Amino acid sequence: MALKAIGLTHVRYQRGDRLGLFLAWISLVPVFISLGGFFSHFIFRRELQAIFFALGLTISQFLNELIKKSVQQSRPDTCAALEACDSHGWPSSHSQYMFFFAVYFTLLRISRIRAAAAASVTGFGNSGWKFVIALIPWPLAVLTMYSRVYLGYHTVAQVFAGATLGIILGGIWYWMVNSVLVQYFPAIEETAICRYFYIKDTTHIPEVLKFEYDNARAARKAAFKRKESTD
């Protein structure tokens, strides 16, 4: 009976190749983002914007699988040693995922920076550092794309196809969410399931971190005053 490995974390590199080891970990960044980033964000934050962000990435990966099955382009010859020849290579799902993430994250952060500036809200750090943070996913996206070629899982054409598709889909989905779907966020927020799980809409708050900080301090001061009045 033929055996098949789950491709989620099945990444191989040549023994003793330190760059290969580094790039193998880089190749797992999409897994870290999905499981560590979005899952923990939902548990602790429960924001509609992040949920629709994750939904867009899921749709993007679903389209990637559809395209792969339609095109059926093989992976490079190195796939035999990697035990990856049973799946198709065009376009690269890792590249598509990372560039979708980079586009959406950067556009979202820039929109928040501009909203905070327009509302004259000062938060943590200056705007220069905030723009740097907004661009952090791009080096990771490029490294992920390079890792897939270096490790032998994809050709150059396959990773560039994935990157291009990710950029296009990320831009379209960002526009869909923040220009069309965002107007339905208040109604979604009031649904029974969102109220039950405390899922909220924070798109109208320019600087969420400062907003929560100010409200937490105000609540603590109010609680302290109530305690003093009862003593």
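In the block above lies the structure referred to throughout.
Residues numbered from 1 in each chain as written. Predicted model: local features only at pLDDT ≥ 70, side-chain atom pairs only at ≥ 80, totals over all residues. Heavy atoms only, no water.

Here we come to helix α1 (residues 18-26). Taken together, the buried positions of α1 are G20, L23, A24 and I26. Angular distribution of buried residues about the axis of α1 spans 155°; they occupy a single face of the element. For α1, exposure combined with an orientation more than 90 degrees from the buried face picks out R18 and W25. Elements that come into contact with the buried residues of α1 comprise α2 (29-44) and α7 (137-150). (Buried < 20%, exposed > 50% of the residue type's maximum accessible area, 1.4 Å probe, protein only. Helix = DSSP H or I, 4+ residues; strand = E, 2+ residues; numbered from the N terminus. Arc of directions from axis to C-beta. Contact = heavy atoms within 4.5 Å.)

Looking now at the environment of P186. Within the element layout of this structure, P186 appears in helix α9 (residues 185-189). Take P186: its relative accessible area is 41%, and that puts it in the partly exposed class.

On the surface, R217, R220, K221 and K225 cluster together to form a positively charged patch. Turning to its location among the elements, R220 is positioned in helix α11 (residues 208-230). (Patch = residues over 30% accessible without salt bridge, like charges linked within 9 Å, V, L, I, M, F, W, Y side chains within 5 Å. Areas by Shrake-Rupley, 256 points an atom, 1.4 Å probe, with all protein chains shown as cover. Salt bridge = Lys/Arg side-chain N within 4 Å of Asp/Glu carboxyl O. Lys, Arg positive; Asp, Glu negative; His and termini not counted. Charge placed at Lys NZ, Arg CZ, Asp CG, Glu CD.)

A cluster of nonpolar side chains, contributed by F39, F42, I43, F44, I193, Y196 and F197, occupies part of the molecular surface with about 790 Å² of accessible area. Elements supplying a minimum of two residues to the nonpolar patch: α2 and α10 (192-197). Residue classification places Y196 among the exposed residues on the basis of a relative accessible area of 62%.

The end-to-end C-alpha separation of helix α3 (residues 48-71) is 34 Å, in line with the 34 Å expected for 24 residues at 1.5 Å each. Along α3, the residues classified as buried are L48, Q49, A50, F52, F53, G56, L57, S60, N64 and K68. Summarising the contacts, the buried residues of α3 are in contact with α2, α5 (93-118), α8 (156-180), α9 and α10. Directly after α3, the chain includes Q72, whose backbone phi takes a positive value near 55°. (Expected span 1.5 Å × (residues − 1).)

On to the side chain of Q96. Relative to the elements of secondary structure, Q96 occurs in helix α5. You can call Q96 buried: its relative accessible area is 0%. Setting aside residues up to four positions removed in sequence, Q96 forms contacts with S60, Q61, N64, P91, G162, A163, L165, G166 and L169.

Attention now goes to the packing of α2 against α5. It is the contact of α2 with α5, at a shortest axis distance of 9 Å, that shows an interaxial angle of 50°. Looking at the two axes, α2 sits oblique to α5. For the pair α2 and α5, contact is made by V29, P30, I33, S34 and F38 and by H94, Y97, M98 and F101, respectively. The class makeup of the residues in the contact of α2 with α5 is seven nonpolar, two polar and no charged. (Axes fitted to C-alpha atoms, helices over the stretch in contact; angles between N-to-C directions. Parallel < 35°, antiparallel > 145°, perpendicular 65-115°, else oblique. Nonpolar A, V, L, I, M, F, W, Y, C, P; charged D, E, K, R; others polar.)

All right, on to the pattern of salt bridges then. Taken as a whole and judged by the stated rule, the model has four salt bridges. As a salt-bridge pair, E190 and R195 come within 3.0 Å of each other at their nearest N and O atoms. Under the relative-accessibility criterion, E190 is labelled partly exposed at 49%. Linked through salt bridges whose partners overlap, the residues forming this network are R45, E47 and E212.

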